Amino acid sequence: MKIDTPRRNLSGVFIFDTLPGDERRKPTCFEDCTEEKQQEWLDSLTPEALKSLAIQLGKSLRTIGDQFDIMCGEEEKLTEEL
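Structure report, in brief. (Residues numbered from 1 in each chain as written. Predicted model: local features only at pLDDT ≥ 70, side-chain atom pairs only at ≥ 80, totals over all residues. Heavy atoms only, no water.)

### Describing the overall build of the protein
A count of helices and strands for the protein gives three helices and two strands. Moving toward the C terminus, one meets the helices and strands of the protein in the order β-β-α-α-α. Scored against the burial criterion, the 82 residues of the protein give a buried share of 21%. The contacts of the protein with a sequence gap of at least 6 include a subset with a gap of at least 24, amounting to 19%. (Helix = DSSP H or I, 4+ residues; strand = E, 2+ residues; numbered from the N terminus. Buried < 20%, exposed > 50% of the residue type's maximum accessible area, 1.4 Å probe, protein only. Contact = heavy atoms within 4.5 Å.)

### Examining the pattern of salt bridges
Per the stated rule, a full pass over the model turns up five salt bridges. When the shortest N-O distance is used, the salt bridge between lysine 26 and aspartate 22 registers 3.9 Å. A residue is classified by how much of its surface remains accessible, and lysine 26, at 33% relative accessible area, is partly exposed. Between arginine 62 and aspartate 66 there is a salt bridge whose closest N-O contact spans 3.7 Å. Remark: aspartate 66 and arginine 62 occur in helix H2 (residues 47–68); sequence separation between them is four residues, near one turn of the helix. (Salt bridge = Lys/Arg side-chain N within 4 Å of Asp/Glu carboxyl O.)

### A closer look at the side chain of aspartate 22
Along the polypeptide, aspartate 22 turns up in the loop between strand E1 (14–17) and strand E2 (26–29). For aspartate 22, a relative accessible area of 16% gives the class buried. One polar contact links aspartate 22 to arginine 7, side chain to side chain, over a distance of 2.6 Å. In contact with aspartate 22, not counting residues within four places along its chain, are Arg7 and Asp17. (Polar contact = N/O pair within 3.5 Å; in protein donor to acceptor, adjacent residues only side chain to side chain.)

### Thoughts on the packing of aromatic side chains
One pass over the structure, following the stated rule, counts one aromatic pair. Relative to tryptophan 41, the ring of phenylalanine 30 has its centre 5.8 Å away and its plane inclined at 50 degrees; by these criteria the two rings are tilted. Taken as a pair, phenylalanine 30 in the loop between E2 and helix H1 (35–43) and tryptophan 41 in helix H1 lie far apart in primary sequence, 11 residues in all. We classify phenylalanine 30 as buried; its relative accessible area is 10%. (Phe/Tyr/Trp six-rings, centres within 6.5 Å; stacked < 30°, edge-to-face > 60°.)

Encoded structure:
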């Protein structure tokens, strides 16, 4: 029985990975890859590429948060902690 793991394609940062149910590697967004594949790929990146990835993931989080009006915790608590 084939089990499909969803590829949500949220960040736009694609690497090749094989998810459960796949017969071969396919372009897969970083956040949809297995943690093992993420670690393998991160280990291969230069410091500049890591910075670029962090910026792209931050933009993706911001876009998703803005689109769905998502906020983590209470704003007042976050301000007090800083």
